[in-house]
Amino acid sequence: MPLVTTEGFRLIPSNETSVSAESINDRFVNLSGDAQAEALRDKLADLDLIRIEFGSFADGRGFSLAKRLRNYGYKGHLRASGHVISDQFRYALDCGFDDVEISDELARRQPEADWVSDRATPVSYIERLRGRGSSIVAQLKEKYVSQDGVFEQQVTHVKHYTDGLFSFRVTRPSSFRFRSGEFVMIGMPNAEKPIFRAYSIASPSWDDELEFYSIKVPDGPLTEHLQHVAVGDTVLVRKKATGTLVADALTPAKRLYLLATGTGMAPFASLIRDPYVYEKFEQVVLTHSCRDHNELTYGREAVGRAKADPLVGEAAQRKLIFYPTTTRETGPRMGRITLHIETGELFRSLDLPRFDAANDRAMICGSLPMVHDTKALLEAAGLTEGSNSRPGDFVVERAFVE
Amino acid sequence: MYRYDEFDDALVRDRVQRFRGQVERRISGALTEDEFKPLRLQNGLYLQLHAYMLRVAIPYGTLNSRQMRQLAMIAERWDRGYGHFTTRQNIQFNWPKLTDTAAILDALADVGMHAIQTSGNCIRNVTADHFAGAAADEIEDPRPTAELLRQWSTDHPEFAFLPRKFKIAVTGSPNDRAVTKAHDIGLRMIRNEAEEPGYEVIVGGGLGRTPMVGKVVRAFLPKSDLLAYVEAILRVYNLEGRRDNKYKARIKILLHETGLEQFSAAVEREFDDLKAVQGGPSVAVDPQELARIEAYFSAPAFEVLDEADETFETALAADGTFRAWSKQNLAEHRQPGYAIATISLKAIGEVPGDATADQMRLIADISEQFGHDELRISHEQNIVLPHVRKRDLPAVFALLQTAGLATANLGLISDIIACPGMDYCALATARSIPIAQDIARHFADPTYAQTIGEMKIKISGCINACGHHHVAHIGILGLDRRGVENYQITLGGDHTETLAIGERAGPGFGAEEVVPAIQRLIDAYLTLRNGPKETFLMVYRRIGAEPFKKALYPDSGSTAPNPPAPSSDVISFSGTAG
Amino acid sequence: MSNIFKPKIVSANDLFDGDVVYMDGDGNWSRQIAEAAMASAPNAAEALLARADQPAKVVGPYLLDVTVDDNGIQPEHFRERFRETGSTLNAKFARLNRSSPLEESAVTQGNR
C-alpha cells in the first residue's frame, strides 16, 4: 500500500501499519468517517498518528473530521486512508492531512504523477480571501514567465491543415511593434523555464492579431505542446521582433521574388498583405514548394486573403503571382523550385525574364538545403545578399524548425 | 458587476485544464466512471437521456452583453443553436460532446464564466434576487454577499463531497424574489435594532421529494460573521447529514430529524469553536478583499431624471400592445425615470426558458445599448433588463417584437416554469415542456389571461421538483403511473416571503386531461372570487382547497375515478444524480 | 405476471457524445435499436449485460424490456421509447432526433 506524501509515493513505515480499526493504543488511532472527534479532544496531545478511513472517495466526512481535529489543536500526524483519489489530494492537504494511504490498485491507475499534478495549483479563492491573491498572481507570473520582456497572449483561433501543419492566431499586445516579415520568440507557459522558439509572424504589421504557421515536430519541446493549443490558451510572446525578411533590407527594383518551402511560407504570408511591398515593387512572385498538395493549402489561403484584403486586395490582384509546386505528390507543377529556376520553367510559364540584378530582388525562406541552393542560383545571376544594415538584392532566412 | 481579474482567470483556466485532464483520464481508464462522475458533475456536465448536458453558472443571475453573446456563440458552435435558462440562474446546453466540453469551458473562461459546481454534491451556484441593485424595495444589494460566497465555496477543500447538493440564496429585499425559504441556506439581509447590517439565516428549506419551509436558525448574524457561520453549518451537515439514503441526505432532513433547537445548538457550538481556534475560522476575510468585491457592485451611472417621461407616456397612450407589455412586464426601479423590464421567455407555445442564439444576441445588443450592459436571469426563467430609462422602453419593446421576445405575460397564466422533463432529463418520470406548451396555447388569449390575473403555474417532471411545483399557485407534477405519464396537481403554493407548500389536490390526470383540469380550476376561481383584485391565491387562502377540489373532481363523492397512486407505483429511475 | 420473462436488450449512452446506443450480437454498439441483440431468457440477459461492461465505450449499460412486432423491436416503457426516438419536441429550434443525418453536420469542428 503506497503512501502518497507531498514528496511523492513512499512506503508506509512498518511500525505504522498494524493498527486495528477504531482501536486506540498509546500513540495511534484509527477513525472511521462517523467517528466523533469530541471524544478524542482531551487525548489529542498524546497522539502521534491519527488515521481517518475513507470508505468511498465520495464520502467527504473525513475532510471535516480532519479539520475539526486540527481545530481542536491536534499537532500530530494525520493520515487519510482508503479510497481517496488523486483529484482530492490538494483537498486532503488543505484540510490538515499529512499524507494519504492508497491501495495498490488505485496506485496503478493513478500513478505518482497524477497526485503531484493535482497539488500543483497555487490558485484558490480561499487563499485570495485570506488576502494572498496578489502574491499568488506574482508567483504564477514568476512560474510562467522566465524573464521580463514577455507578453502573455490569448489564442483566438487555431486551424489544422494536415497532420503536421497548423496555424494559430493570438491577441496582439498594443505595444508590440514589428515589421512585416519579421520573427519573434514564442513559448508556452507550461514549465518553470518556458522553452522559446523563433516563429515568423505570418500576419502583416497592421493586423490587430498575430498569426503563426507551424509544423508539428514529434517530441519537439515546444511544438509538442503548441500543437495542442486551443482558443483561450496563453502563448508567451517575447517583446522584440527581428529578422532580415523585410522590405527595407532590399534595395528598390522592379520585381520581388518570395521563395518558400514548407512553413517558410509564414513571413511571406505577412509580406503579401503589406501595402509597402506593393508600393516598392511592381510585381511580386511568390513560390511555394511542398511535398504534397495539402501542404500548399495555407499558402493558397494566404494569397486568397491578400487578394481579398480591403487594404491591399486591389494591388495584390494586379501584382501578386502565386507559383506552387509539389515535390512528391503528382500534380500539374512538380519539382523543387531550384529545378524550376535552373531549367527556366519558372520564367517561361510566367512569361518573365530570368533573374537579373537590375530588376529582380528576392527573399528566401525554407529548409537549409533549399536556402543554400537557391542562394547559389541568385548569386550566380549576379545578385548580392543584403541585410538590415546594408540593403542588397536578396535576403535569406532559414525556416524555423526545432 | 463582478469582473474577472488575472487571479480569477488563472483559477478558472486551471480548473478547465484539470477537467481536460480528467476527461483524458476517464478515456484512458485511469478514472473509473464512478470516480469520474462526481468530477464531471462538479464541472457542470451531466449525462442525460439523449446526450451530455452542460450547466453553466450565471452567478446571482447577473451577466453582461459580452457574456450573453459568448453563450450564443457556444450554442451555435458546440450545441444546436439554443440554450435553456433554468430555475437556478443557470443556462443549460443540451447537446455537447464529452470531448468538446473543455473547449466550451475555455470559451466561457474567455468571458469570465464557468460551470464549476453547477452540479454534484457540493455547494451549488449561489443565487440572488434578480432585481438586485435595481429594486425599489431593496435594503441592500445581495450580490456582494453572493459573490463572496461564490468565491468561498468554489473548490472548497472541505465541502466538495457533501452528503448531497447544497444551495444557497440571498435576498436584500423584504419581498423575497429569491425563494430563500426553499434553499438549504437562505440569507435575508436585514438590520438589527441598532441599524447594523446583518443576515437572518434560514436553514433547511427545500422542495423535492420532501418539501420543507426553511427555519430561522439565527435571527441576526452580524455581517462579518457570515463565512464562519456558514462554515459551521456546512461542517455540521457534512459530518452529521445522512449518507445512507440519498432521499434523506439533504440538510432539511438533518434539521428535521435533529430538531431546530438541537441543530442550532450544534451549529452555534461549531461556530464558537471556530472563533476560539487560533487564526479563527478557515477564512477570515481580508477587509481589502471584501471592499474590492463590493466595489464591483456599485450602481451604474444613472441619469438624474424625472419619474414621468414624455416619450414613454406618449407611447403608452398610442400603442395598446406596448401598454399591455408595460403593465405586465415592468417593475419599479429605485431610480426615478428608470424601470426594470422583464423579457418573457414564455412566448405562447414555446419551450419555457429556451432562447435561440439570435435571441441571445439581440438581448445582448439591447442591454448594451439601453440597459447599462447588464442582464439578469430570473428563477422564473425570464431575462431581466435591470436598468432601462423609461424613455428608451418603446425602442426596447420594438426590438423585442422583432425576435418573438415581446410577450406581455409576466406573472400571468402562460408565464409557466417548467423543468426540462423527459424530453431531456435522465431523472424525469414524465414530460413537462409539452404540458406547459399545451396550457400556454389553451390560455393564449391575452384578454382572458388578464382577466385571470396573477397565476403561477409550475411544472416538474419528477419528484425532485426542479420546476418548483410545490410553490406554485397551481403546481403540476409529472409521474410515471404504471407505465403511463400521469400528472398530479397541487394547489395554493407560494414562492414568495410568505412561502407555502401547495396541497396535493387528489388523484393525477393523464396528459390530455391536464388542460381541462386547469380550465375547471380557473372557472371555479373566476366564479368564487370577490372581484378582479382578488387573486387565485387570495381566494384559495380565504376559502381553502375544498371548492377547488370539487371543481377538479366533479364526479367525486359518487365515483372516485382514480384512487391516489400508492407511492410504490411510482417508478423512479436512478440515473444521473441531480 | 411477473414470472413471465420479457425479452430484453441492452442499452447505454455512448461515452463520447452521450447518444443512446444498443448492443448488438457481436458486443458492438449501434445507434439503431433494430440492431440490438435480444435475450429471451434470464441467463441470456445476464450474459448480455456482462458483455456490455465496456467502460471505454459506453456509460451505464442496463437491460430494458422490449416487445417484438411487425415494426421490429419496440421498448416497453415510454421512457425508453423517448430515448429511442429522441426528444419529443418539434419546436422552432429544429431539435433533431438522434437518427437524423443533420446531427453530424450540427457538430462544429473543434479546434483540433
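Our structure's up above, just so we're on the same page.
Definitions and cut-offs
- Residues numbered from 1 in each chain as written.
- Chains lettered and ligands numbered in written order.
- Predicted model: local features only at pLDDT ≥ 70, side-chain atom pairs only at ≥ 80, totals over all residues.
- Heavy atoms only, no water.
- 1 Å grid on protein atoms, 1.4 Å probe; cavity = no way out; pocket = protein on both sides within 12 Å on 5 of 7 lines; lining within 4 Å.
- Points joined across faces, edges and corners; volume = space filled by probe spheres on them.
- Helix = DSSP H or I, 4+ residues; strand = E, 2+ residues; numbered from the N terminus.
- Nonpolar A, V, L, I, M, F, W, Y, C, P; charged D, E, K, R; others polar.
- Pairing = 2+ DSSP bridges.
- Axes fitted to C-alpha atoms, helices over the stretch in contact; angles between N-to-C directions.
- Contact = heavy atoms within 4.5 Å.
- Buried < 20%, exposed > 50% of the residue type's maximum accessible area, 1.4 Å probe, protein only.
- Polar contact = N/O pair within 3.5 Å; in protein donor to acceptor, adjacent residues only side chain to side chain.
- Core = buried A, V, L, I, M, F, W, Y, C linked by side-chain atoms within 4.5 Å.

For the rest of this paragraph, the subject is the layout of surface pockets. Residue and element names in this part refer to chain B. Its boundaries defined by the atoms lining it, the second largest pocket holds a volume of some 670 Å³. Around the second largest pocket sit 29 residues that line it, and Arg177, Glu380, Glu454, Lys456 and His495 are the ones nearest its centre. Those elements that provide at least two residues to the lining of the second largest pocket are helix H11 (320–329), strand S11 (330–332) and helix H17 (536–543). Examining the composition of the lining of the second largest pocket, we find that three residues originate from one element, H11, more than from any other. Residue composition of the lining of the second largest pocket, grouped by class: six nonpolar, 13 polar and 10 charged.

Once that is clear, we can look at the sheet that holds strand S1 (residues 2–5) of chain A. Residue and element names in this part refer to chain A. Sheet architecture is open: six strands sit in the order S2-S1-S6-S5-S4-S3, paired in mixed fashion. Each edge of the sheet is formed by a strand with only one pairing partner; in this case those strands are strand S2 (8–11) and strand S3 (28–31). Direction aside, the axes of adjacent strands within the sheet are offset by 25 degrees on average. Examined bridge by bridge, S3 and strand S4 (residues 49–54) share four bridges and lie parallel to one another. Residue pairing across strands places Phe28 opposite Leu49, the latter belonging to S4. Packed on one face of the sheet, helix H1 (residues 61–71) meets S3, S4 and strand S5 (77–82) and runs near 160 degrees to S4.

Of note, A:Gln88 is situated in the loop between S5 and helix H2 (89–94). Classification of A:Gln88 by relative accessible area gives buried; the value is 0%. Polar side-chain contacts of A:Gln88 include one of 2.8 Å to the backbone oxygen of A:Phe57. Dropping the residues within four chain positions of it, A:Gln88 is found in contact with A:Phe57, A:Phe63, A:His83, A:Asp118 and B:Phe161.

Let us now look at the nonpolar core. In terms of nonpolar packing, the biggest core is built from 108 residues, with A:Ile50, A:Ile52, A:Leu69 and B:Met68 touching the most fellow members. Every residue in contact with A:Leu69, bar those within four places of it in the chain, is listed here: A:Leu31, A:Ala37, A:Leu40, A:Leu44, A:Ile50, A:Ile52, A:Tyr74 and A:Leu78. Counting residues in hydrophobic clusters, the runner-up holds 45 residues, among them B:Ala128, B:Leu187, B:Ala232 and B:Ile293.

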